[in-house]
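An overview of the molecular structure
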Amino acid sequence: MKTILRNTTFAVAMLGSAGLATASSIPGMRGHDHTGITVPDMKQAVDFFTEVVGCKKAMSFGPFADDKGTFMQDVLGVDPKAVIEQITMVRCGYGSNIELFKYTAPDQKDLTPRNSDIGGFHIAFYVDDVAAAKSYLDAKGIKTRMGPIPLSEGPAAGQTILYFQAPWGLQLEAISYPKGMAYEKGADTVHWSPKNPEK
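From a predicted model like this one, the values you see are computed outputs, not experimental measurements.

**Notes on the sheet that holds strand 7 (residues 160-165)**
Within the open sheet, the four strands sit side by side as 5-8-7-6. Their pairing is mixed. Bordering the open sheet on either side are strand 5 (123-126) and strand 6 (149-150), each of which pairs with just one other strand. In this structure, strand 7 lies alongside strand 8 (residues 171-176), joined through six bridges in antiparallel fashion. The partner of tyrosine 163 across the bridge, within strand 8, is glutamate 173. In this fold helix 4 (residues 130-139) packs onto strand 7 and strand 8, with an angle of close to 20° to the strand it touches most, strand 7.

Here is the structure:
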């Protein structure tokens, strides 16, 4: 009986202390805070995100460099002589933040990855109406791709998408799924959505 009680107490203590962390989770992980992007021109990037996309500038700071040591390499995995001239954080509606970096480095490459490239990426913004977003972006002279494209089959049925590009080539997407997506009907986990940020 003592063994059963001891084991039960141990199990309850372990489950109670699990909280937000599990064996397959970073302890205390709560969610996505920001995505960092290196841009060629900080003013151009801030203007694009604030004056076109509609984000708000939260803060700027920098520069960061280490002329004599390897701080930049040790912390960020970049050339020891790399310089972060400026960092600007922008907040975009009900979503995670975007951190903009302006770097210089002796070995800096000027590449714009395509979505198909390893390491390629895009940032998607939830909008209420993708067709209205396209009209707006076209009027602003922003390069848009084919679309809006409504999806009517498969697990993502219910969403409409449109890809577009920042002036320096960053890939972005406007997405909407006002009535949800097909996969949600039987899903144990649904992805977080800025249209219902509290869920």
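Text resumes after the structure shown.
**Focus on the environment of aspartate 79**
Relative to the elements of secondary structure, aspartate 79 occurs in the loop between helix 3 (71-76) and strand 3 (83-91). A C-alpha to C-alpha distance of 6.9 Å links aspartate 79 and aspartate 107, two positions 28 residues apart in sequence. A distance of 2.8 Å separates a polar atom in the side chain of aspartate 79 from the backbone nitrogen of lysine 81.

**Digging into the confidence of the model for the protein chain**
Per-residue confidence for the protein chain averages 90 on the pLDDT scale, and 88% of its residues sit at or above 70. Confidence over residues 1-19 falls short of pLDDT 50; this stretch has zero contacts with residues more than four positions distant or in other chains.

**Re the pattern of salt bridges**
Counted according to the given criterion, the structure contains four salt bridges. Residue lysine 102 pairs with glutamate 85 through a salt bridge whose shortest N-O separation is 4.0 Å. A residue pair is termed long-range when its members are at least 10 positions apart, and lysine 102 in strand 4 (residues 97-104) and glutamate 85 in strand 3 qualify at 17 residues. With relative accessibility at 38%, the residue glutamate 85 sits in the partly exposed group. The salt bridge partner of aspartate 138 is lysine 134, with a shortest N-O separation of 3.2 Å. Note that aspartate 138 and lysine 134 are positioned in helix 4 at a spacing of four residues, about one turn of the helix. Accessibility expressed as a relative area gives 38% for aspartate 138, which makes it partly exposed.

**Brief notes about the nonpolar core**
Core analysis: the biggest nonpolar cluster contains 26 residues, and Phe48, Phe49, Ile98, Phe125 and Leu172 have the highest contact counts within it. Examining the composition of this core, we find that six residues originate from one element, helix 2 (residues 42-53), more than from any other. Those residues in contact with phenylalanine 48 that sit more than four places away from it in its chain are Val53, Ile142, Phe164, Ala166, Pro167, Trp168 and Leu172. In terms of nonpolar packing, the next biggest core, distinct from the first, is built from six residues, Ala82, Ile87, Phe101 and Tyr103 among them.

Parameters and conventions
- Residues numbered from 1 in each chain as written.
- Predicted model: local features only at pLDDT ≥ 70, side-chain atom pairs only at ≥ 80, totals over all residues.
- Heavy atoms only, no water.
- Pairing = 2+ DSSP bridges.
- Helix = DSSP H or I, 4+ residues; strand = E, 2+ residues; numbered from the N terminus.
- Contact = heavy atoms within 4.5 Å.
- Axes fitted to C-alpha atoms, helices over the stretch in contact; angles between N-to-C directions.
- Polar contact = N/O pair within 3.5 Å; in protein donor to acceptor, adjacent residues only side chain to side chain.
- pLDDT = per-residue confidence, 0-100.
- Salt bridge = Lys/Arg side-chain N within 4 Å of Asp/Glu carboxyl O.
- Buried < 20%, exposed > 50% of the residue type's maximum accessible area, 1.4 Å probe, protein only.
- Core = buried A, V, L, I, M, F, W, Y, C linked by side-chain atoms within 4.5 Å.

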